[in-house]
Amino acid sequence: MGAWFEGFKANAGAWFEDFKATFQLNFIDDDRYMYLVNGLKNTLIITVFAALLGIALGIIVASVRTTFDKNEESMRMRNKGLYIVMKIANTVCKVYLTVIRGTPVVVQLMIMYFIIMASSTNSVLIAVLAFGINSGAYVAEIFRGGIMSIDNGQFEAGRSLGFSYFRTMYHIVVPQVIKNVLPALLNECIALLKETSVAGYVSIQDLTKGGDIIRGRTYSAFMPLIMVALIYLIVVVVLTWLVGKVERRLKVSER
Amino acid sequence: MNDNVLIKVEGLKKHYKGGAIKALDGIDMEIRQGEVVVIIGPSGSGKSTFLRSLNLLEYPTEGHIYIDGADITNPKVNLNRHRQKMGMVFQHFNLFPHMTILGNMTLAPIKLLKMPKKEAEQMAMELLERVGLGDRAAAYPGQLSGGQKQRIAIVRALCMKPEVLLFDEPTSALDPEMVGEVLDVMKELAKDGMTMVVVTHEMGFAREVGSRVVFMADGMVVEENDPQTLFTNPQSPRLQDFLAKVL
């Protein structure tokens, strides 16, 4: 027992010394941890602003699509001009959804960087645009699904009381939709956060790229990559916990 | 009964698939103030479609609907303004699940009639007391039984002080023991002189409360009369056949 424990202690001690040295090499020497700090900063900036852009785009696209689907007949009967405008807008939205969801996000990012915004040097802005436009397509479908899942009777009840379509949406439908789509929306934000890890393709120093740079300098893969994974994981866990709190608060008003 | 025509329907048609399906095939009707018009007929006869056309939840293919003399099928007429005057009660209640009973009832008066919140809540409470649900004001729809939900749906419509109430099979989704409590509220309303158009399968209600009963089949009005005559002395074979099945 005693001998075994002595052996273990010596081994563990050696392992710990080794760990300390690698840690020192990868993160402390030459202030290499700053690659991760700055990378995380860029990752969070890109994620937050891309998510905001995506939600804004998603709301617009989902509104156009559902307004057209729900009011096609009444617009055709009562307002021909509006019907034609909405039909065109609806088609534009459909094309946007098809193109964005039909091509890889890395390709979209490279097109944005090397073609559309080739003259810009603000690579973070480019990433925000590319990831935001990409996320918008998925968010739009989340919102659209949420709106379509509300029983048509809710719309009819609102309209029969005398509310316009938009006021019916605002007072009656949207409050129910938000509660329903929150989990899916969180999912999309988590997916977005992780998708931004391909930003390194266009020489943006995000978290993943930061870890990769350290690996290139120190020739040790384990420590920087595991650390990068750990940081992503912590951000996602914190995000999930936050949304869970909001969801519980919304549920209180149910019954 | 006075001769004040509230709703006038002229040549109402509703066709689907370019005329292959004729849900409504030319309906003319006048509904006067204080009348209780009960519409009966076999399923698929177009009675619900007709009722839903009256506040344009269904858009007619042809024909005109005049409410207080204004043609609501005219795109220039403010439809939302007219819908405020026409309450509607649905088969599936359609209460707003995210609001309390009081919230359900006061939403439209506060937002559309600009009624002060206090006044709206007082009115809602009085109506709730009248239908025996004064103690459920703070409950959510999910906590109520079907019969209670439908009574709430009726008083929610009443909160807009409508000129006419449209009932789309209000008791068809209810358990049998709850039908009575809803019909009682409707009888009460009829007694108070509310103008009502009711699509229903409750022949007892039609006979007892209706001032006029309309029998529809294949998207047309086949026969209409006062309930006594219509039920005891049906003229058309379609109605005779229908009554033989349901009575």
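Refer to the structure presented above.
Okay, so let's go over this structure. What you are looking at is a predicted structure, and each value in this text was computed from that prediction instead of being measured. (Residues numbered from 1 in each chain as written. Chains lettered and ligands numbered in written order. Predicted model: local features only at pLDDT ≥ 70, side-chain atom pairs only at ≥ 80, totals over all residues. Heavy atoms only, no water.)

### A short note on the overall build of chain A
Next up, step 1: Along its length, chain A carries nine helices and zero strands.
Next up, step 2: Helices and strands in chain A line up, N terminus first, as α-α-α-α-α-α-α-α-α.
Next up, step 3: For chain A, the C-alpha radius of gyration of 25 Å lies well beyond 18 Å, the compact-globule estimate for 255 residues.
Next up, step 4: If you line up chain A on its principal axes, its C-alpha atoms span 90 × 55 × 25 Å.
Next up, step 5: Across the 255 residues of chain A, 41% fall into the buried class.
Next up, step 6: Total accessible area computed for chain A in this model is approximately 13,900 Å², and 68% of it derives from carbon and sulfur atoms.
Next up, step 7: Across chain A, the centroid of the 25 positively charged side chains sits 9 Å from that of the 18 negatively charged ones. (Helix = DSSP H or I, 4+ residues; strand = E, 2+ residues; numbered from the N terminus. Rg over C-alpha atoms; globule rule 2.2 N^0.38 Å. Buried < 20%, exposed > 50% of the residue type's maximum accessible area, 1.4 Å probe, protein only. Areas by Shrake-Rupley, 256 points an atom, 1.4 Å probe, with all protein chains shown as cover. Lys, Arg positive; Asp, Glu negative; His and termini not counted. Charge placed at Lys NZ, Arg CZ, Asp CG, Glu CD.)

### Side note on the packing of helix H7 (residues 165-195) of chain A against helix H3 (residues 101-112) of chain B
Next up, step 1: The geometry of H7 of chain A relative to H3 of chain B is characterised by a closest axis approach of 12 Å and an angle of 140° between their N-to-C directions. Our classification of the angle between H7 of chain A and H3 of chain B gives oblique. For H7 of chain A against H3 of chain B, the interelement crossing comes out right-handed. Contact residues: Arg-167, His-171 and Ile-172 of chain A in H7 of chain A; Leu-107, Lys-111 and Leu-112 of chain B in H3 of chain B. (Axes fitted to C-alpha atoms, helices over the stretch in contact; angles between N-to-C directions. Parallel < 35°, antiparallel > 145°, perpendicular 65-115°, else oblique. Left-handed = near helix turned anticlockwise from the far one by under 90°. Contact = heavy atoms within 4.5 Å.)

### Considerations on the packing of aromatic side chains
Next up, step 1: Throughout the structure, instances matching the rule amount to nine aromatic pairs over all chains.
Next up, step 2: Between Phe-215 of chain B and Phe-242 of chain B the ring centres are 5.2 Å apart and the planes differ by 40°, which places this aromatic pair in the tilted class. Separated by 27 residues along the polypeptide, Phe-215 of chain B in strand E9 (residues 212-217) and Phe-242 of chain B in helix H9 (residues 237-246) bring together distant segments of the chain.
Next up, step 3: Within the aromatic cluster, the residues linked to one another by ring pairs are Trp-15, Phe-19, Phe-23 and Phe-27 of chain A.
Next up, step 4: Sitting over the face of the ring of Phe-96 of chain B, Arg-156 of chain B holds its NZ or CZ atom 4.4 Å from the ring centroid. (Phe/Tyr/Trp six-rings, centres within 6.5 Å; stacked < 30°, edge-to-face > 60°. Lys NZ or Arg CZ within 6 Å of the ring centre and 35° of its normal.)

### Regarding the sheet that holds strand E5 (residues 70-71) of chain B
Strand pairing within a sheet occurs via backbone hydrogen bonds; the two strands may be parallel or antiparallel.
Residues and elements named next belong to chain B.
Next up, step 1: With respect to topology, four strands assemble into an open sheet ordered E2-E1-E4-E5, the strand pairing being antiparallel. Of all strands in the sheet, those with a lone pairing partner are strand E2 (21-32) and E5, marking the two edges.
Next up, step 2: Bridging between strand E1 (residues 5-16) and E2 involves nine bridges; their strand directions are antiparallel. Across the sheet, the residue bridging to Tyr-16 is Ile-21, located in E2. (Pairing = 2+ DSSP bridges.)

### Side note on a nonpolar patch on the surface
Residue and element names in this part refer to chain A.
Next up, step 1: Judged by side-chain polarity, Val-107, Met-110, Ile-111, Phe-114, Ile-115, Ile-116 and Tyr-201 come together as a nonpolar surface patch covering roughly 700 Å² of accessible area.
Next up, step 2: Position of Tyr-201 relative to the elements: it lies in the loop between H7 and helix H8 (207-218).
Next up, step 3: For Tyr-201, a relative accessible area of 56% translates into the label exposed. (Patch = residues over 30% accessible without salt bridge, like charges linked within 9 Å, V, L, I, M, F, W, Y side chains within 5 Å. Salt bridge = Lys/Arg side-chain N within 4 Å of Asp/Glu carboxyl O.)

### Some words on the sheet that holds strand E8 (residues 195-199) of chain B
All names here are of chain B.
Next up, step 1: Reading across from one edge, E6-E7-E8-E3-E9-E10 is the order of the six strands in this open sheet, with mixed pairing throughout. Every interior strand has two partners, whereas the edge strands, strand E6 (86-89) and strand E10 (220-225), have only one. Recorded for the sheet is a direction-independent mean angle of 20° between the axes of neighbouring strands.
Next up, step 2: One ladder, built from four bridges, connects strand E3 (residues 36-40) with E8; its direction is parallel. The residue bridging Val-37 from the neighbouring strand is Val-197, located in E8.
Next up, step 3: Most of the contacts of helix H6 (residues 176-191) go to E8, to which it runs at about 145°, and overall it touches E3, strand E7 (164-168) and E8.

### So, helix H2 (residues 33-78) of chain A
Next up, step 1: If you check H2 of chain A, its first and last C-alpha atoms are 64 Å apart, about what 46 residues at 1.5 Å a residue would give, namely 68 Å.
Next up, step 2: Along its length, H2 of chain A shows its largest kink, about 70°, at Asn-71 of chain A. (Expected span 1.5 Å × (residues − 1). Bend = angle between axes of the 7 residues up to and from the residue.)

### Quick notes on the interface of chain B and chain A
Next up, step 1: On the chain A side, the residues contacting the 35 residues of chain B number 25 residues.
Next up, step 2: With both sides pooled, the region where chain B packs onto chain A buries about 2,500 Å², and carbon together with sulfur makes up 57% of that total.
Next up, step 3: Area buried by chain B at its contact with chain A is led by Tyr-59, Phe-96 and His-98 of chain B, which between them contribute 23% of it.
Next up, step 4: Where chain B touches chain A, the interface holds two salt bridges.
Next up, step 5: The partner of Glu-156 of chain A in a salt bridge is Arg-52 of chain B, with the nearest N and O atoms 2.6 Å apart. (Buried area = accessible area lost by both parts, 1.4 Å probe.)

### Focus: the pairing of E3 of chain B
Residue and element names in this part refer to chain B.
Next up, step 1: Most of E3 is tucked away: five of the five residues are buried.
Next up, step 2: Covered by surrounding structure in E3 are Val-36, Val-38 and Ile-40 together with Val-37 and Ile-39, the residues of both alternating faces.
Next up, step 3: Pairing of E3 with E9, which is carried by four bridges, proceeds in the parallel orientation. Counterpart to Val-38 in the pairing with E9 is Val-213.

### Description of the environment of Ile-172 of chain A
Next up, step 1: With respect to the helices and strands, the residue Ile-172 of chain A is situated in helix H7.
Next up, step 2: Classification of Ile-172 of chain A by relative accessible area gives buried; the value is 0%.
Next up, step 3: Taking C-alpha positions, Ile-172 of chain A is 7.2 Å from Gly-158 of chain A, a pair spaced 14 residues apart along the chain.
Next up, step 4: For Ile-172 of chain A, the residues in contact, after removing those within four places along its chain, are Gln-154, Gly-158, Phe-163 and Arg-167 of chain A together with Phe-96, His-98 and Leu-107 of chain B.

### Quick notes on unusual backbone geometry
Next up, step 1: Positive phi is not limited to glycine here, since Asp-68 of chain B has a value of about 50°.
Next up, step 2: Of note, Asp-68 of chain B is situated in the loop between strand E4 (62-67) and E5.

### A closer look at the pattern of salt bridges
Next up, step 1: Here the structure, examined in full by the defined rule, presents 22 salt bridges over all chains.
Next up, step 2: The closest approach of N and O atoms between Glu-10 of chain B and Lys-8 of chain B, which form a salt bridge, is 3.1 Å.
Next up, step 3: Overall, Lys-8 of chain B belongs to the partly exposed group, its relative accessible area being 30%.
Next up, step 4: Residue Lys-85 of chain B is joined to Asp-68 of chain B by a salt bridge in which the shortest nitrogen-to-oxygen separation is 3.1 Å. Highlighted residues: Lys-85 of chain B in the loop between helix H2 (79-84) and E6 and Asp-68 of chain B in the loop between E4 and E5, separated in sequence by 17 residues.
Next up, step 5: For Lys-85 of chain B, a relative accessible area of 23% translates into the label partly exposed.
Next up, step 6: A relative accessible area of 36% places Asp-68 of chain B in the partly exposed class.
Next up, step 7: A single network of salt bridges, built from pairs that share partners, joins Glu-73 and Glu-156 of chain A together with Lys-14, Arg-52 and Glu-58 of chain B.

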